[in-house]
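Here are the chains, one letter per residue:
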Amino acid sequence: MADNLPTEFDVVVVGTGLPESIIAAACARSGQRVLHVDSRNYYGGNWASFSFSGLLSWIKENQQKTDLSDECEEWRKLILEDEEAIPLSSKDKTIQHVEDFCFGDQDSAEGVEEAGALPKLPVFGAPAAQGVSPGPEKASPAAEGIPLGSEESPAAEGGPPGLEKENPAVESPGEEPQSPEAEQPPSCEGDGAGAAPGTAAGDPAPQPAQTEAAPSENTAQEPKKISYSQIVREGRRFNIDLVSKLLYSRGLLIELLIKSNVSRYAEFKNTTRVLAFREGKVEQVPCSRADIFNSRQLTMVEKRMLMKFLTFCLDYEQHPEEYQAYESSTFAQFLQTRKLTPSLQHFILHSIAMVSETESSTLEGLQATKKFLQCLGRYGNTPFLFPLYGQGEIPQCFCRLCAVFGGIYCLRHAVRCLVLDRASGRCKAIVDHFGQRISANYFIVEDSYLSESTCTNVCYRQISRAVLITDQSVLNTDSEQQVSVLTVPPLEPGRAAVCAIELCSSTMTCMKDTYLVHLTCPSTKTAREDLEPVVQKLFNLNTEKETENEELEKPRVLWAVYFNMRDSSGVEKSSYAGLPSNVYVCSGPDSALGNDCAVKQAETIFREMFPAEEFCPPPPNPEDIIYDEDEIEPEESGLNNSPETKPETSAEESSSEGLQVVTAPLEAFSAMKLLRLLFLVMMMLRAI
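Residues numbered from 1 in each chain as written. Predicted model: local features only at pLDDT ≥ 70, side-chain atom pairs only at ≥ 80, totals over all residues. Heavy atoms only, no water.

A. Region of the structure containing the overall build of the protein chain. When you go through the protein chain residue by residue, the secondary structure sums to 15 helices and 24 strands. Taken across its 688 residues, the protein chain has 58% of its residues classed as buried. Of the contacts made within the protein chain by residues no fewer than 6 positions apart, 77% connect residues no fewer than 24 positions apart. Accessible area of the protein chain: about 28,700 Å², with a carbon and sulfur share of 48%. (Helix = DSSP H or I, 4+ residues; strand = E, 2+ residues; numbered from the N terminus. Buried < 20%, exposed > 50% of the residue type's maximum accessible area, 1.4 Å probe, protein only. Contact = heavy atoms within 4.5 Å. Areas by Shrake-Rupley, 256 points an atom, 1.4 Å probe, with all protein chains shown as cover.)

Shown next, in the form of structure tokens:
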């Protein structure tokens, strides 16, 4: 049980966000004993993904202004005279100004139940959950797009946020019993991706997603009318990210996924197009050489200008005389000196470099442009990839790797304080909500767990976020299945550019005939004040009566939520008051499009703790693993990773360079549920 954990570990990690999960995986991979806990009942923290009903629960929880104070402080009796306690926060205060809006008839959704949802059971011992899990039960094809995994499947769960999970050696308090057929805990599943649990019994089989190559049959027709009750009923089709990001195909996170072989736990989809918003219209930006020469938006002269400038950006370091005189200027000012037309300057600044018009220097713009160009062509015509089932899958993938190498996971497991040894000045233990002391050499704590007294001198930034469910794309084409990224320039001075990511149903993040739109920008005011002007420019917010023909052409918003999220990236450790040298703080998500900040932070912390160890080395070959006598061989459990036993998939997929990039949805494997159940039983027997 979770109230009887081992009392000694090498590393204790508090919080399951992306940086913490990467560090936990790296530590476990290097042979350290890792305990990974989270007071929430879902994985990922502010990096998590939710079903629609799960997001509604999350919204309700964050709209409540109740401040949870420690009802019982008996844990203070465990602190000795030569020790000092550093209390941790019991309330997550990283989310503010949450406002949600329904642009349909909410009354029609009364009494509508989510299709395939498990019956709600009473939950005991879950202080924050109150019997309601805010995470998703994903209703996706039983094994759609997911290959079978190996004998290295985790001994602990790393499952989708909100699922009640089992720990490798312990069980989280207040867990709800779950049927293996209705969920797919990543640590106990037989598949490698762990991103798509099978559909529950009685749930109608989902329709396979269209590929981007398939032309839409009703391009000229009006979009289907989607009611709020349909969204509620199909809520498990949604996987809505709290933070919206894309993966650069040659970015640090992709390289780490490939190097560590964590990529086997997930699948990705190409971002199919980069868009620009100019003069009130949305246009597609030509990115590659072929796109430029096939573009009808540019004249022949503009095509040559653009190709010449992009060629220069690829090796700008070799020609310092071209930009040295403008190093103190902004990138926008530098572009004006390059004899580029206004439209080309707009495309380069906002859709290729994606940097600030007023704040980014020439060198920053050139570096961003070069990064964009270097990522082109690796997996598709754009530089970006998106993980199927949402960004929340990535932290779970690293949790699986940690569990494979012995890490212990406990959700709904709050930590009351850090115990400081006054003589050495180092942290020696934590005290959990059961009153148990757990000792370790190093402690990793996510920023949101630190108390106000610890963060008194910290100056945080904020991120403005909006999530919209719409009925059609911002730029309709022959294909409905488009994944798009769009940068909207500041609509007025003093505002930041807004990054919009539009996801289609084939990303497994929304139901059929809808789109999921994420809007992100650095905050200047509340999220609604920052982002609603952009929403009004791009979308139709009218609920019933359309008054203008121009509004009829825009996608209609069905539902929306706005919220502000704390951006703790870039905060120096010295800014936190009273933290010992062996306690490291991980930041939450930043406002950047990529994930480089999280990967850099995780690697920096790991190298400070274990300078002689390699950071997330490749896993050993399964054939070279020597099992103890009491270990269960993979052949004995019926789970063999040999190529002969893997089911063949009929769909085409690109697994070049270590990533599975889905180009068509894979067919479900009929034996998946049986294998998952057998593996779950095997691990439960081993734990006993």
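Still more ground to cover, so stick around.
B. Region of the structure containing the environment of Val-498. Checked against the element boundaries, Val-498 lands in strand 19 (residues 498-503). Between the C-alpha atoms of Val-498 and Leu-531, which are 33 residues apart in sequence, the distance is 7.6 Å. If sequence neighbours within four positions are ignored, Val-498 has contacts with Leu-486, Thr-487, Val-488, Leu-519, Thr-520, Cys-521, Leu-531 and Val-534.

C. Just the side chain of Asp-241, in detail. Summarising the element assignment, Asp-241 is placed in strand 6 (residues 240-241). One buried charged residue, Asp-241, forms no salt bridge at all, with the nearest opposite charge on Arg-465 at 6.7 Å. For Asp-241, the side chain forms a polar contact with the main-chain nitrogen of Gln-391, separated by 2.9 Å. Here Asp-241 is in contact with Ala-48, Ser-49, Phe-386, Gly-390, Gln-391, Gly-392, Arg-465, Val-467 and His-518, once residues within four sequence places are set aside. (Lys, Arg positive; Asp, Glu negative; His and termini not counted. Salt bridge = Lys/Arg side-chain N within 4 Å of Asp/Glu carboxyl O. Polar contact = N/O pair within 3.5 Å; in protein donor to acceptor, adjacent residues only side chain to side chain.)

D. Up close: the pattern of salt bridges. One pass over the structure, following the stated rule, counts 21 salt bridges. Among the salt bridges present, the one from Arg-40 reaches Asp-38, with a minimum N-O distance of 3.4 Å. Judged by relative accessible area, Arg-40 falls into the buried class, the value being 11%. For Asp-38, a relative accessible area of 0% gives the class buried. Across the pair Arg-378 and Glu-255 runs a salt bridge whose closest N-O atoms are separated by 2.8 Å. One end of the pair, Arg-378, is in the loop between helix 9 (362-375) and strand 11 (384-387); the other, Glu-255, is in helix 4 (residues 252-260), and 123 residues separate them in sequence.

E. Spotlight on the sheet that holds strand 10 (residues 281-284). Ordered in space as 5-21-17-20-19-18-9-10, the eight strands form an open sheet in which the pairing is mixed. Each end of this open sheet is capped by a strand with a single partner; those strands are strand 5 (95-102) and strand 10. Looking at each pair of strands side by side, their axes are set apart by 20° on average, direction ignored. Here strand 5 runs beside strand 21 (residues 557-567); their pairing, made up of six bridges, is antiparallel. By the bridge assignment, Asp-100 is partnered in strand 21 with Val-561. Sheet contacts for helix 2 (residues 52-63): strand 5, strand 17 (461-470) and strand 21; angle to strand 5, the most-contacted strand, approximately 130°. (Pairing = 2+ DSSP bridges. Axes fitted to C-alpha atoms, helices over the stretch in contact; angles between N-to-C directions.)

F. Geometry of the side chain of Gln-32. Looking at where Gln-32 falls in the secondary structure, it is placed in the loop between helix 1 (18-29) and strand 2 (34-37). Overall, the relative accessible area of 16% leaves Gln-32 in the buried class. Excluding anything up to four places from it in sequence, Gln-32 contacts Asp-10, Val-11, Cys-27 and Phe-610.

G. Fine view of helix 13 (residues 596-609). The end-to-end C-alpha distance of helix 13, which contains 14 residues, comes to 20 Å, matching closely the 20 Å that a straight helix rising 1.5 Å per residue would cover. Turning to helix 13, its buried residues are Asp-596, Ala-598, Val-599, Gln-601, Ala-602, Ile-605, Phe-606 and Met-609. On its buried face, helix 13 is in contact with helix 1, helix 4, helix 9, strand 16 (442-446) and strand 22 (583-586). (Expected span 1.5 Å × (residues − 1).)

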